Amino acid sequence: MDLLSNLALGFGVAFTVQNLLYAFGGALLGTLIGVLPGLGPVATIAMLLPSIYALDATPALIMLAGIYYGAQYGGSTTAILINVPGESSSVVTAIDGYQMARQGRAGAALAAAGLGSFFAGCVGTIIIAAFAPPLTELAFKFGPAEYFSLMVLGLIGAVVLASGSLVKAIAMILLGLLLGQINTDVISGTPRYSFDIPELTDGIGFVAIAMGVFGFGEIIANLGKPAEHREVFTKHVKGLWPTRQDFKDAFPAVLRGTSLGSILGVLPGGGALLASFAAYTVEKKMRGRPGEVAFGKGNIRGVAGPESANNAGAQTSFIPMLTLGIPPNAVMALMVGAMTIKGIQPGPQVMTSNPQLFWGLIASMWVGNAMLVILNLPLIGIWIKLLTVPYRFLFPAIMSFCCIGLYTLNNNAFDVYMGAGFAVVGYIFYKLSCEPAPLLLGFILGPMMEENLRRALLLSRGDWSTFVTRPLSAGLLVAAALMIVVVMLPSIQSKRDEAFQDAD
Amino acid sequence: MKIKSQRDFWSGLMFVAIGLGFAWGATTYSFGSSARPGPGYFPFGLGILMAVLGGVVLFKAMTIESEGGDPVGAFAWKPLSFIVGTVVVFGWTLPHLGMVVALPILVIVAALAGDEFHWGEAIANAVLLTLGCWLIFIVGLKLTIPLWPAFIG
């Protein structure tokens, strides 16, 4: 059988001592750096890209893949522990993960994230090996209109995720989309809303917004409360491990997350990101067992689902890169860069011209995931110890890491000032009870959405009906409309309110 | 007319203002046509849409009763000004005076924003964090962060 012989070839490459060491080194480095707030996979890989100059192509890519998984896992760790998502796809993990941590269940949350990711990683590896060619065909069917509709669906999905007013949440998405418009227009090259500040012509950094709103804003909000009401962690840490009930709750969520993630990851344009919040939406819509913790208040399914989706998506997002040479996200763009540094032209021919590299990389994805579990499960105890540090020591530390992280983004103080500005914005949002997570998602998808909208309109000669006459696009839009209708239905509306109030 | 929800009223106002602001800004860029959308096309539409939604939020804030008027509450001026201020100061001091000066200032001023402040603890924390950040970012990751003031290094 092809699949088996291909995988055998891959594992033969991945299980050499040298490649195992690089996979381990990459995963370790990635975790260590990813745990630092604000340093996500992109920053980490970018930082370590020069270190691969001396390596052969295969170990170099294996190490980079390890860094990618490690940083992603590290990013979820910070999302759970201090509510600062290290990267965009762990934004939703922070919602329930952080609440679990505050209730003394950080261990369970981290274990659910780790084991869920590992499971998703195993499945993702098999899927890449088996379905890379046919899945690529599906991606071919996506034109700009479909991408635009897909993103509309994704953003609407994000709205259902916010607790509180639906209209306000949609307005926050729009605000995010608008903030994403501060950049240089891709098509005409016109700088927009830059007020002649050169740094603004490249757009606002995602990290500056995330750290300002979630990191600094949260600290200000916490300090503003009288000490006895402060949102700190309970001293009482309930076990490092998930309970039997946790496993029972989390396992179906992991399965659903994995399947969603595997499918959405293939779509170019932030597959892992879409996957994680689609998974969260699905989990929220699923009927839980009676007496389960409400979503947004520390439900383990809200961690396990998105985390497995995100990891499965991260895995399958290699497919367009490996088969088409199209990087679906910034990390993959860096991987493509690394391949070209090594003299390999990414594209369909890699599979045939460098089978060792292709299958070796796929096998090492599994190896990298396994190493992450081995690495991180024992470390959970250490991460939890971090939480017993009193808040008055912890928040200056968070601020130090965030500030240095902001500065090192571009070796420029500008991002630090932006972070300070968004701290004020974040505090205002907090005061006005506007949920900031949808804003961040809108901000990330904004530029992609605009580009696809304009391309779709160009292709249809200004005819807006292109979005509803193309069947795939129409289907996605109908799904988005259905979601709004479902949430607006009076019976669900009251249930939704109830669910959020119950938890208070 | 009486405001029924303070928080929603102000957020509605904020959305309307920002939406109109962006839409107004978009008019300075070429709008193009639907067949050939220009750089102003998308932001203009978004801005208007957001202003409309802000209007809906405003309308709801004026009509739908909420518990106790949903007041915004007092601003925590002290933490707000200290935290934001110290981050801005850090942005200036790091490139000019290096991490050895910038980080302790950040840590101590940030600690001042809290209500349990002790000089001893804050200084110890500052020393520890500066040492830690030096080990992680400069020694470990080899990032180019100025360590000493520019006039010494």
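Residues numbered from 1 in each chain as written. Chains lettered and ligands numbered in written order. Predicted model: local features only at pLDDT ≥ 70, side-chain atom pairs only at ≥ 80, totals over all residues.

## A look at the overall build of chain A
Here is step 1: From N to C terminus, chain A includes 22 helices and zero strands.
Here is step 2: Across the 504 residues in chain A, those meeting the buried criterion constitute 58%.
Here is step 3: Restricting to contacts in chain A with at least 6 residues of sequence separation, those with at least 24 account for 80%. (Helix = DSSP H or I, 4+ residues; strand = E, 2+ residues; numbered from the N terminus. Buried ≥ 20, exposed ≤ 12 C-beta atoms within 10 Å, placed from the backbone. Contact = placed C-beta atoms within 7 Å.)

## Overview of the overall build of chain B
Here is step 1: A tally of regular secondary structure across chain B gives five helices and two strands.
Here is step 2: When the helices and strands of chain B are listed from N to C terminus, the series reads α-β-β-α-α-α-α.
Here is step 3: Taking 2.2 N^0.38 as the reference for a compact globule, 153 residues should give roughly 15 Å; the C-alpha atoms of chain B span a radius of gyration of 24 Å, well beyond that estimate.
Here is step 4: Projecting the C-alpha coordinates of chain B onto the three principal axes gives extents of approximately 55 × 50 × 25 Å.
Here is step 5: With 153 residues in all, chain B has 38% of them scored as buried.
Here is step 6: Of the contacts formed within chain B by residues at least 6 apart in sequence, a portion of 65% connects residues at least 24 apart. (Rg over C-alpha atoms; globule rule 2.2 N^0.38 Å.)

## Remarks on the interface of chain A and chain B
Often, the extent of an interface is quoted as the loss of accessible area upon association of its parts.
Here is step 1: Counting residues at the interface gives 53 residues for chain A, matched by 58 residues for chain B.
Here is step 2: Where the side of chain A that touches chain B is concerned, the elements lending two or more residues are helix H8 (166-179), helix H9 (206-224), helix H17 (391-410), helix H18 (414-431) and helix H19 (437-459) of chain A.
Here is step 3: The element that contributes the greatest number of residues to the side of chain A that touches chain B is H17 of chain A, accounting for 11 residues.
Here is step 4: Looking at the side of chain A that touches chain B residue by residue, the classes come out as 35 nonpolar, 10 polar and eight charged. (Nonpolar A, V, L, I, M, F, W, Y, C, P; charged D, E, K, R; others polar.)

## Concerning the domain arrangement of chain B
Here is step 1: By domain assignment, chain B separates into domain 1 (6-69) and domain 2 (77-140).
Here is step 2: One C-alpha centre belongs to domain 1 of chain B, the other to domain 2 of chain B; they are set 38 Å apart. (Domains from an automatic or database assignment.)

## Notes on the nonpolar core
Here is step 1: Formed by 195 residues in total, the largest nonpolar core has its most connected members in Leu 64 and Ala 109 of chain A.
Here is step 2: Of the residues that make up this core, three or more belong to each of domain 1 (6-69) and domain 2 (77-140) of chain B.
Here is step 3: Here Ala 109 of chain A is in contact with Ile 80, Gly 97, Met 100, Ala 101, Ile 300 and Val 303 of chain A, once residues within four sequence places are set aside. (Core = buried A, V, L, I, M, F, W, Y, C linked by C-beta atoms within 7 Å.)

## Comments concerning the packing of H9 of chain A against H19 of chain A
Relative placement of two packed helices is described by the angle separating their axes and the distance separating the axes.
Residues and elements named next belong to chain A.
Here is step 1: Contact pair H9 / H19: the axes reach a minimum separation of 11 Å and the direction vectors enclose 175 degrees. Between H9 and H19, the crossing angle belongs to the class labelled roughly antiparallel. Counting all contacts with H9, which are made through Phe 206, Ile 209 and Ala 210, the residues of H19 involved are Leu 440, Phe 443 and Ile 444. (Axes fitted to C-alpha atoms, helices over the stretch in contact; angles between N-to-C directions. Parallel < 35°, antiparallel > 145°, perpendicular 65-115°, else oblique.)

## Examining the packing of H17 of chain A against helix H4 (residues 99-113) of chain B
Here is step 1: Running from amino to carboxyl end, H17 of chain A crosses H4 of chain B at an angle of 140 degrees, the nearest separation of the two axes being 9 Å. Considered as vectors, H17 of chain A and H4 of chain B are oriented oblique to each other. The chirality of how H17 of chain A crosses H4 of chain B is right-handed. Contacts between H17 of chain A and H4 of chain B involve Arg 392, Phe 395, Pro 396, Met 399, Ser 400 and Cys 403 of chain A from the first element and Leu 103, Leu 106, Val 107, Ala 110 and Ala 111 of chain B from the second.
Here is step 2: Class assignment of the residues belonging to the contact of H17 of chain A with H4 of chain B gives a composition of nine nonpolar, one polar and one charged. (Left-handed = near helix turned anticlockwise from the far one by under 90°.)

## Quick word on the environment of Met 449 of chain A
Residues and elements named next belong to chain A.
Here is step 1: Its location among the elements puts Met 449 in helix H19.
Here is step 2: Residue class for Met 449 comes out buried when judged on the 23 C-beta atoms lying within 10 Å of it.
Here is step 3: The contact partners of Met 449, leaving out residues within four places of it in the chain, are Phe 148, Met 151 and Leu 177.

## Considerations on the confidence of the model for chain B
Here is step 1: Confidence in the prediction of chain B, expressed as mean pLDDT, is 85, and 96% of residues score 70 or more.
Here is step 2: Overall fold confidence (pTM) sits at 0.73, and the ipTM for the predicted complex is 0.90. (pLDDT = per-residue confidence, 0-100.)

## Overview of the environment of Leu 106 of chain B
Residues and elements named next belong to chain B.
Here is step 1: As for its position among the elements, Leu 106 is in helix H4.
Here is step 2: Overall, the presence of 26 C-beta atoms within 10 Å leaves Leu 106 in the buried class.
Here is step 3: Separated by 12 residues in the primary sequence, Leu 106 and Leu 94 have C-alpha atoms spaced 10 Å apart.

## Notes on the environment of Ser 353 of chain A
All names here are of chain A.
Here is step 1: By the secondary structure assignment, Ser 353 is in helix H15 (residues 350-353).
Here is step 2: Overall, the presence of 12 C-beta atoms within 10 Å leaves Ser 353 in the exposed class.
Here is step 3: Between the alpha carbons of Ser 353 and Ala 111 there is a distance of 40 Å; along the sequence they are 242 residues apart.

## Examining unusual backbone geometry
Residue and element names in this part refer to chain A.
Here is step 1: Notably, Ser 433 is not glycine yet its phi reads approximately 40 degrees, a positive angle.
Here is step 2: In this structure Ser 433 comes out as partly exposed when scored by C-beta crowding, with 16 C-beta atoms within 10 Å.
Here is step 3: In this structure, Arg 461 is a non-glycine residue whose phi angle is positive, near 55 degrees.
Here is step 4: One can find Arg 461 in the loop between H19 and helix H20 (466-469).

## Regarding H17 of chain A
For the α-helix, the turn length of 3.6 residues means that residues three or four positions removed from each other point alike.
Here is step 1: Counted at 1.5 Å a residue, the expected span for H17 of chain A with its 20 residues is 28 Å, and the 30 Å between its end C-alpha atoms agrees.
Here is step 2: Counting buried positions along H17 of chain A gives 15 out of 20 residues, so the element sits mostly inside the fold. (Expected span 1.5 Å × (residues − 1).)

## Focus: H19 of chain A
All names here are of chain A.
Here is step 1: Along its 23 residues, H19 runs 33 Å from first to last C-alpha, staying within 8% of the 33 Å computed at 1.5 Å per residue.
Here is step 2: At Gly 446, H19 shows its strongest bend, of approximately 45 degrees, with the proline Pro 447 following within four residues.
Here is step 3: In terms of burial, H19 is a largely internal element, 17 of the 23 residues being buried.
Here is step 4: Trailing H19 by a residue or two, Arg 461 shows a phi angle of about 55 degrees, which is positive. (Bend = angle between axes of the 7 residues up to and from the residue.)

## Examining the confidence of the model for chain A
Residues and elements named next belong to chain A.
Here is step 1: With 80% of its residues at a pLDDT of 70 or more, chain A has an overall mean of 77.
Here is step 2: Within chain A, H18 carries the highest mean pLDDT (90), whereas helix H22 (residues 490-502) carries the lowest (52).
Here is step 3: Within the model, pLDDT remains below 50 along residues 499-504, and this stretch shows nine contacts once partners closer than five positions in the same chain are excluded.

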